[in-house]
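An overview of the molecular structure
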Amino acid sequence: MATVTSHQFIGSFASHSPFNSKASHFPKDSLNLPIKFRQNRFKIEATTASQTPVLDTLLSPSTPYKKKTNEASLILIRHGESLWNEKNLFTGCVDVPLTEKGVAEAIQAGKRISTIPVDLIFTSSLIRAQMTAMLAMTQHRCKKVPIILHDESEKAQTWSHVFSEETRKQSIPVIAAWQLNERMYGELQGLNKEETAERYGTQQVHEWRRSYHIPPPKGESLEMCAERAVAYFEDKIQPELALGNNVLIAAHGNSLRSIIMYLDKLTSQEVTSLELSTGLPLLYIFKDRKFMRRGSPVGPTEAGVYAYTKRLAQYRQKLDETLN
Ligand SMILES: O=C(O)[C@@H](CO)OP(=O)(O)O
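Residues numbered from 1 in each chain as written. Predicted model: local features only at pLDDT ≥ 70, side-chain atom pairs only at ≥ 80, totals over all residues. Heavy atoms only, no water.

**Examining the overall build of the protein**
- Secondary structure assignment for the protein yields 14 helices and seven strands.
- Expressed as a percentage of its 324 residues, the buried residues of the protein come to 53%.
- Taking the contacts inside the protein whose residues are at least 6 apart along the sequence as the reference set, 78% of them involve residues at least 24 apart. (Helix = DSSP H or I, 4+ residues; strand = E, 2+ residues; numbered from the N terminus. Buried < 20%, exposed > 50% of the residue type's maximum accessible area, 1.4 Å probe, protein only. Contact = heavy atoms within 4.5 Å.)

Have a look at this one:
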């Protein structure tokens, strides 16, 4: 698989959001995704001169453009409870914020990962995932500032330029990608889950919610969701891990289920029983091109999580030395 440096990668992100004005003019395919994105699924786009300033702004020379190690951490966090989780409504791609409980969950998740290295953050384009990533990072002991990249236009790049090298070093780039969005729930969006089960039957609704192949009415099946979320992971996130960059992904129940299915090599049958709690971080180590699941870095198991790799233990020791 082709790899791409952080530099190329972030430069190529600008044109990938169907929610930006440029992208909305592209013709759509049967999934209502702009055809351009499907055709480019495995293609890494070259960086153009006009796409570089945001990257120059946010990635300092100390940020690795070249491989520095064969090991990297990958943290996955499902967003904290949203206002529609609280109301038990199908949410999908509807963009609703976190509840107070969701905010607390995101902060708690941040405490759990506060000594795991993070060089790069990916979120979906939905506010609940972005809030979760940002709130979690307020707890990180590295004290770096997560900064959302805005390269949807040349003006957005220029106007968000940071002029201090020192400040850049204290920043973590955040890339928002629609491909990591929650599965599009079609005509179920906004409906109450319990009422929908009463109307269509528990079995039918369970199949819509958890089966791999069966889509909800006019929505995406997990398989369709995986097609864009896993493709994005393989094309854009995995190359960063391969370069030794530590990555945090804040996304959604189903986009993360599809990514975990890929990481853990689950079958379409096994994934039906995979449930993710809101605000619970999961840690993977990417080493020698393999993903090793390390569970959730929390309380009693924390020592175990750190014991898994020398590199994590060293990072933590360095934080202790700097901050104590
Ligand atoms: O409503 C949704 O978008 C999702 C996640 O909250 O629901 P489900 O649990 O059915 O996948």
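Right, picking up where we left off after that structure.
**Digging into unusual backbone geometry**
- Unlike most non-glycine residues, N88 shows phi in positive territory, near 60°.
- Of note, N88 is situated in the loop between α4 (83-86) and α5 (100-112).
- Here the phi dihedral of R289 falls at roughly 65°; this positive angle occurs in a residue that is not glycine.
- Note on placement: R289 falls in the loop between β6 (281-287) and β7 (290-293).

**Quick word on the UniProt feature "site: Transition state stabilizer" (unreviewed entry) in the protein**
- Feature annotation in UniProt assigns "site: Transition state stabilizer" (unreviewed entry) to the following positions: H252.
- Position of H252 among the secondary structure elements: in the loop between β5 (247-251) and α12 (253-263).
- The exposure class of H252 is buried, given its relative accessible area of 0%.
- Setting aside its immediate chain neighbours within four residues, H252 contacts R78, H79, S124, L126, R128, A129, L180, N181, E182 and R257. (UniProt positions renumbered as here; feature names shortened; annotations may be inferred.)

**As for the pattern of salt bridges**
- Scanning the entire structure with this criterion turns up eight salt bridges.
- Ionic pairing is found between R141 and D320, a salt bridge with its closest N-O pair at 3.0 Å. Separated by 179 residues along the polypeptide, R141 in the loop between α6 (127-137) and β3 (145-148) and D320 in helix α14 (residues 310-323) bring together distant segments of the chain.
- The class for R141 is partly exposed, based on a relative accessible area of 22%.
- D264 serves as the salt-bridge partner of R293, at 2.7 Å between the closest nitrogen and oxygen. Of the two residues, R293 sits in strand β7 while D264 sits in the loop between α12 and β6, which places them 29 residues apart along the sequence.
- Residue classification places R293 among the partly exposed positions, given a relative accessible area of 38%. (Salt bridge = Lys/Arg side-chain N within 4 Å of Asp/Glu carboxyl O.)

**As for the site of the ligand**
- The environment of the ligand is made up of R78, N85, L89, F90, T91, G92, E182, Y185, K193, R209, R210 and N254.
- Side-chain polar atom of R78 to an oxygen atom of the ligand: 3.2 Å apart, as the coordinates give it.
- Here the ligand has 310 Å² of accessible area as a free molecule, and 94% of this is covered by the chains.
- Within the shell around the ligand, the residues separate by chemical class into three nonpolar, four polar and five charged. (Near = heavy atom within 4 Å. Polar contact = N/O pair within 3.5 Å; in protein donor to acceptor, adjacent residues only side chain to side chain. Areas by Shrake-Rupley, 256 points an atom, 1.4 Å probe, with all protein chains shown as cover. Nonpolar A, V, L, I, M, F, W, Y, C, P; charged D, E, K, R; others polar.)

**Some thoughts on the UniProt feature "active site" (unreviewed entry) in the protein**
- As recorded in UniProt, the sites labelled "active site" (unreviewed entry) are H79 and E182. Look at the named residues: they lie 104 residues apart in sequence, but the longest C-alpha span between them is just 10.4 Å, so in the fold they bunch up.
- Position of H79 among the secondary structure elements: in the loop between β1 (71-78) and α4.
- Leaving out residues up to four positions away in the same chain, H79 has contacts with N85, L98, R128, A129, T132, A251, H252, T278 and G279.
- Here E182 shows up in the loop between β4 (171-176) and α9 (193-200).

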